Amino acid sequence: VRELGSPVMAAAKKNSGDAVEPVISFACSCSTNAPLTHLFLCQHCIKLRCARCVTHEIESYYCPYCLETMSSAEAKVKKNRCGNCCNCPTCGHTLSVMSTSSTGG
């Protein structure tokens, strides 16, 4: 019996050259093997968990363009966008706001 969360050597992966890189997988508490980058650490029981063993919970909402955080009510009303971010009506890219000084003449 292997200790929970211990590494397991999986099939080797070839990179762009001729070298073969070993893939190291870790065992989740449900016995699923996955790379460490695909696992989560439970803060309560200090065990590795895969995506199937965790419950996803939204901690905060933010604008995907400028990363400004907002409340859940504001996110629902503004559809997860802040008041400063706009999209180009023609191509859909995010527009940036720039201030310029005008010289009086």
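Please refer to the structure placed before this passage.
Residues numbered from 1 in each chain as written. Predicted model: local features only at pLDDT ≥ 70, side-chain atom pairs only at ≥ 80, totals over all residues. Heavy atoms only, no water.

Focus on the overall build of the protein
Scanning the protein from terminus to terminus reveals 1 helix and 11 strands. The order of α-helices and β-strands along the protein, N terminus first, is β-β-β-β-β-β-β-β-β-α-β-β. Total accessible area on the protein is roughly 8,700 Å²; 54% of this is exposed by carbon and sulfur atoms. (Helix = DSSP H or I, 4+ residues; strand = E, 2+ residues; numbered from the N terminus. Areas by Shrake-Rupley, 256 points an atom, 1.4 Å probe, with all protein chains shown as cover.)

A word on the nonpolar core
Burial of nonpolar side chains together is a common tendency in soluble globular proteins. Among the nonpolar cores identified, the biggest contains 6 residues, and these are Phe26, Cys28, Ala34, Leu39, Leu48 and Cys50. Filtering out sequence-adjacent residues up to four positions away, alanine 34 remains in contact with Ser25, Phe26 and Leu39. Counting residues in each nonpolar core, the second largest holds 5 residues, with Cys63, Met70, Ala75 and Cys85 among its members. (Core = buried A, V, L, I, M, F, W, Y, C linked by side-chain atoms within 4.5 Å. Buried < 20%, exposed > 50% of the residue type's maximum accessible area, 1.4 Å probe, protein only. Contact = heavy atoms within 4.5 Å.)

Concerning the environment of valine 54
For valine 54, the position within the fold is in the loop between strand 7 (48-49) and strand 8 (61-62). By relative accessible area, valine 54 is classed as partly exposed at 26%. It is 9.8 Å that separates the C-alpha atoms of valine 54 and leucine 41, two residues lying 13 residues apart in sequence. Not counting chain neighbours up to four residues away, the residues in contact with valine 54 comprise Phe40 and Arg49.

Overview of the layout of surface pockets
Roughly 360 Å³ of volume is contained in the largest pocket. Around the largest pocket sit Phe40, Leu41, Cys42, Gln43, His44, Arg49, Cys53, Val54, Thr55, His56, Glu57 and Glu59, which together line it. The residue inventory of the lining of the largest pocket, partitioned by class, reads 5 nonpolar, 4 polar and 3 charged. (1 Å grid on protein atoms, 1.4 Å probe; cavity = no way out; pocket = protein on both sides within 12 Å on 5 of 7 lines; lining within 4 Å. Points joined across faces, edges and corners; volume = space filled by probe spheres on them. Nonpolar A, V, L, I, M, F, W, Y, C, P; charged D, E, K, R; others polar.)

Some points on the environment of leucine 48
Take leucine 48: it is sitting in strand 7. Judged by its relative accessible area of 17%, leucine 48 falls in the buried class. Measuring from C-alpha to C-alpha, the distance between leucine 48 and histidine 38 comes to 10.0 Å, with 10 residues separating the pair along the chain.

Side note on the pairing of strand 4 (residues 24-27)
In this sheet, strand 5 (residues 33-35) lies alongside strand 4 in antiparallel orientation, the contact comprising 3 bridges. Looking at strand 5, one finds that serine 25 is bridged to proline 35. If you look at the hairpin formed by strand 4 and strand 5, you'll find 5 residues sitting between the two strands, and serine 31 has a positive phi there, around 75°. (Pairing = 2+ DSSP bridges.)

A closer look at the environment of tyrosine 61
Along the chain, the position of tyrosine 61 falls in strand 8. The sequence separation of tyrosine 61 and alanine 75 amounts to 14 residues, and the corresponding C-alpha distance is 6.5 Å. Setting aside residues up to four positions removed in sequence, tyrosine 61 forms contacts with Glu68, Thr69, Met70, Ser71, Ser72, Ala75 and Asn80.

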